[in-house]
Amino acid sequence: MTPMRTIALVGNPNAGKSALFNALTGARQKIANYPGVTVERKAGRMALPSGEPVELLDLPGSYSLDAASPDEEVTRQVVVGEFAGQAQPEILVLVIDAANLEQHLVFAQEVIALGRPTVVALNMVDLAERDGLAIDPAALADSLGVPVVPTVAVRRRGIDALVEAIAGAHDQDVSTRHEVAALTLPERRLAARNMTKGSVLSESAEHRLHTHLDKVLLHPWLGPIILFALLFVVFQAVFAWADPLIGAIEGLAEAISGGVIAAMPESFFRDLITEGVIAGVGSVVVFLPQIIILFAFILVMEQSGYMARAAFIMDRLMAYVGLSGRSFIPLLSSFACAIPGIMATRSIADPKDRLTTILIAPLMTCSARLPVYTVIIGAVIPATSVGPGVGLQGLVLFGLYIAGIIGAMLVALVLRRTATKGAASGFIMELPKYQWPPLRDLLIGLWQRAWVFLRRAGTIIFAATIVLWLLLTFPKAEPGESQLDASAAGYIASAMQPAFEPIGFQREMTLALVPAMAAREVAVSSLATTYAVDAEDEAETEQALRGQIAARWSLPTALAFLAWFIFAPQCLSTIAVTRRETNGWKWPAVMVIYLFALAYIFAGLTFWGATALGL
């Protein structure tokens, strides 16, 4: 059987390769890691006009074949046929950003000089046209010596013409490419500038509109102020905008619970549904609106082009702790979840920079912490205003996020002077064009993240909650005895309590820390389930979790619990990803130990300080 032919997409980061890959392959794709490395392998199938199926590879973005990162090294090895177990691509598809032509043509010449059948996808021509930049594909093709096809991958414009060009790429004359191969980097840059001038038909003033925005958003003083003001708005919105939706979901959960109680006689299964499933899992699902609001802001920052600017702004600050702005995007991704944040460190060339970023990524306040923060803040912090449009609860939430950031920077400072000692690496990042986030892409992104959250609620959180409910329910309490005292879970909590009592934790708080290792949100469902089982009657079982906390916890205790979750060791999935990305258990163990120590110390300092102040 003849092996399937291979075609590879190559190009600079932010050229739209992934969008083009999706347009060419649809759902016929698989994602895994290349053997022996942590770089992602993205492969799919597409059909040529003849009906012949071929394999399409989406290679990591690169600025040069002179590799400076693990991603670039994999791209180089695959392109030149040196990667073991991966067939050398027969045709290369160079993806170029039409709105950033000169920069992308530098790498394009290096790839074309390899003397391989090559087709250029001149992508995102709609953004170039929007900015008044008209490009002549025929003139550019004459300069490069390869076919050039205009495309808009996200709208599937030019896809059929690109496939036709790929099918005919074998007939190319590559005999004259030795001239390009002999060029030095400065010569390629000069050639890229000349080719750009020769290919651009017209350029209006609007083409440079983004430079005026950058003068403000990248200003040394205004830029950081705008960035932190934006983050402040995000955390205010998480409380203010989500409240009506949270109330609606809570009302639905109460109605379902009431319906179950009315329809079923008192029994083991009714208690399992009301106390275990609804009180436990339902207490986490109600925070879905806040998760969506947080992700909406992050996606808008990414798709609008502002995320790269934020990394540039943070470069100067991060240099003080021995990192570069390249670490910022993985760390910002960790606000959503530490797992993709840790995986995003693959683009960091310096191994010590990368390791440091991996080790501090869990200190970024991931979305799994948001339910914990929200329920505690809602229970013990009054919903009062401290200024026009500024709520105290949102201000406290913002402070918790800032505390995580400060903690991460301080840990990075210590690591870069001890275990990962070394000079800070340089930082070069291409700034994408500003654009309105496509509504369709934004909605798809929100749906994907909402589904991940709900799937966790229906699997990990559901399983942990049911196990905890069973441990809380059996053995049954004698008359006059608390169910928590009599249960197996109560015995576990009592055994752990001496270690946590000095920092102000009650037994149910200590108990919640164990299942929270599976997923942070389980701490909320654990508390809800514990209080539901320990309630004396059905009416108390349905009491809101915030009310239970407000009635049972002191303010120093609640603040200590919040401080714990700023630093608490990550979920098991994050630990597993860290082991994979560092190729061993040494650094995951270091991460867990130092996070646990920081969590205990700062929870204790918070409790003792708040108690001393008479709070």
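Numbers given for residues are sequential positions, taken from 1 along each chain in its written order. Where local features are concerned, this predicted model is filtered to residues with pLDDT of at least 70; where side-chain atom pairs are given and counted, the filter is 80 or more; whole-chain, interface and lining totals use all residues. Think of the side-chain values as coming from all heavy atoms in the structure, minus any hydrogens and water.

> For the overall build of the protein chain, give the residues involved together with the corresponding values.
The secondary structure content of the protein chain amounts to 30 helices and 11 strands. Over its C-alpha atoms the protein chain spans a radius of gyration of 28 Å, differing by no more than 12% from the 25 Å that the globule rule assigns to 615 residues. By principal-axis analysis of the C-alpha atoms, the protein chain measures approximately 95 × 55 × 45 Å. Only protein chains enter the calculation, and the probe is 1.4 Å; a residue is then buried if its accessible area is under 20% of its type maximum, exposed if over 50%, and partly exposed in between. Within the protein chain, the proportion of its 615 residues that are buried is 53%. The contact rule is simple, with two residues in contact once any of their heavy atoms fall within 4.5 Å. If you take every contact in the protein chain between residues at least 6 apart in sequence, the share linking residues at least 24 apart comes to 74%. Secondary structure counts use DSSP, requiring at least four H or I residues in a row for a helix and at least two E residues in a row for a strand, with both numbered from the N terminus. Radius of gyration here is computed from C-alpha atoms only, and the compact-globule reference equals 2.2 Å multiplied by the residue count raised to the power 0.38.

> Tell me what's going on with the pattern of salt bridges, and back it up with residues and numbers.
One side-chain nitrogen of Lys or Arg within 4 Å of one carboxyl oxygen of Asp or Glu is enough to make a salt bridge. If you walk through the whole model with that rule in mind, you get 14 salt bridges. Where R76 meets E73, a salt bridge forms, and the shortest distance between an N and an O atom there is 3.0 Å. With R76 and E73 both in helix α2 (residues 70–80), this residue pair falls three residues apart, about one helical turn. Take E73: its relative accessible area is 26%, and that puts it in the partly exposed class. For R157, the salt bridge goes to E129, with nearest N and O atoms at 4.0 Å. With R157 in the loop between β8 (148–150) and α6 (159–167) and E129 in helix α4 (residues 125–130), this residue pair connects regions lying 28 residues apart in the sequence. In the salt-bridge network here, residues are joined through shared partners; they are R5, E52 and E90.

> Break down the pairing of strand β4 (residues 53–58) for me, with residues and values.
Where a strand is regular, its side chains alternate between the two sheet faces. With five of six residues buried, β4 is to be regarded as a mostly interior element. As judged from the four bridges shared by strand β1 (residues 6–10) and β4, these two strands associate in the parallel manner. By the bridge assignment, L9 is partnered in β4 with D58. Pairing analysis gives six bridges linking strand β3 (residues 40–47) to β4, with the strands arranged antiparallel. Following the sheet pairing, A47 is matched in β4 by P53. A strand pair is defined by DSSP finding two or more bridges across the two strands.

> Can you tell me about the environment of G280, naming the residues and giving the values?
Mapping G280 onto the fold places it in helix α12 (residues 268–285). Accessibility expressed as a relative area gives 0% for G280, which makes it buried. Along the sequence, G280 and L468 sit 188 residues apart, while their C-alpha atoms lie 9.6 Å from each other. G280 has contacts with E275, T465, S525, A528 and T529, leaving out every residue within four places of it along the chain.

> Describe the packing of aromatic side chains, and please don't skip the residues or the numbers.
Think of it this way: a Phe, Tyr or Trp ring, Trp meaning its six-membered ring, pairs with another when their centres are within 6.5 Å, and the plane angle makes it stacked under 30 degrees, edge-to-face over 60, tilted otherwise. Here the structure, examined in full by the defined rule, presents 17 aromatic pairs. Plain terms: the ring middles of F505 and W564 are 5.8 Å apart, the flat faces sit at 65° to each other, and that makes the pair edge-to-face. Taken as a pair, F505 in the loop between α23 (488–500) and α24 (507–513) and W564 in helix α28 (residues 555–567) lie far apart in primary sequence, 59 residues in all. Neither F505 nor W564 differs from the other in exposure class; each is buried. Among the aromatic residues, ring-to-ring pairing joins F500, F505, W553, F561, W564, F565, F596 and Y600 into one connected group. Whether a charge sits over a ring depends on NZ of Lys or CZ of Arg being within 6 Å of the ring centre and within 35 degrees of the ring normal. Residue placement shows K476 over the ring face of F474; its charged tip is 5.6 Å from the ring centre.

> How would you sum up unusual backbone geometry? Please name residues and give values.
Omega for the bond connecting F474 with P475 falls within 30 degrees of zero, at -5°, which places this linkage in the cis form. Its location among the elements puts P475 in the loop between α21 (460–473) and α22 (483–486). Non-glycine residue M124 carries a positive phi angle of around 55°. As for its placement among the helices and strands, M124 is situated in the loop between β6 (118–123) and α4.

> So, helix α29 (residues 572–582): which residues are in play, and what are the values?
For α29, every residue scored as buried is listed here: T574, I575, V577, T578, E581 and T582. Summarising the axial view, the buried residues of α29 lie within an arc of 160°, below the 170-degree limit, and thus occupy one face. Considering only its buried residues, α29 is in contact with α16 (338–343), α17 (351–360) and α30 (586–612). Positive phi shows up at N583, right after α29, with a value of about 60°. Starting at the helix axis, one direction is taken to each C-beta atom, and the arc is that of these directions.

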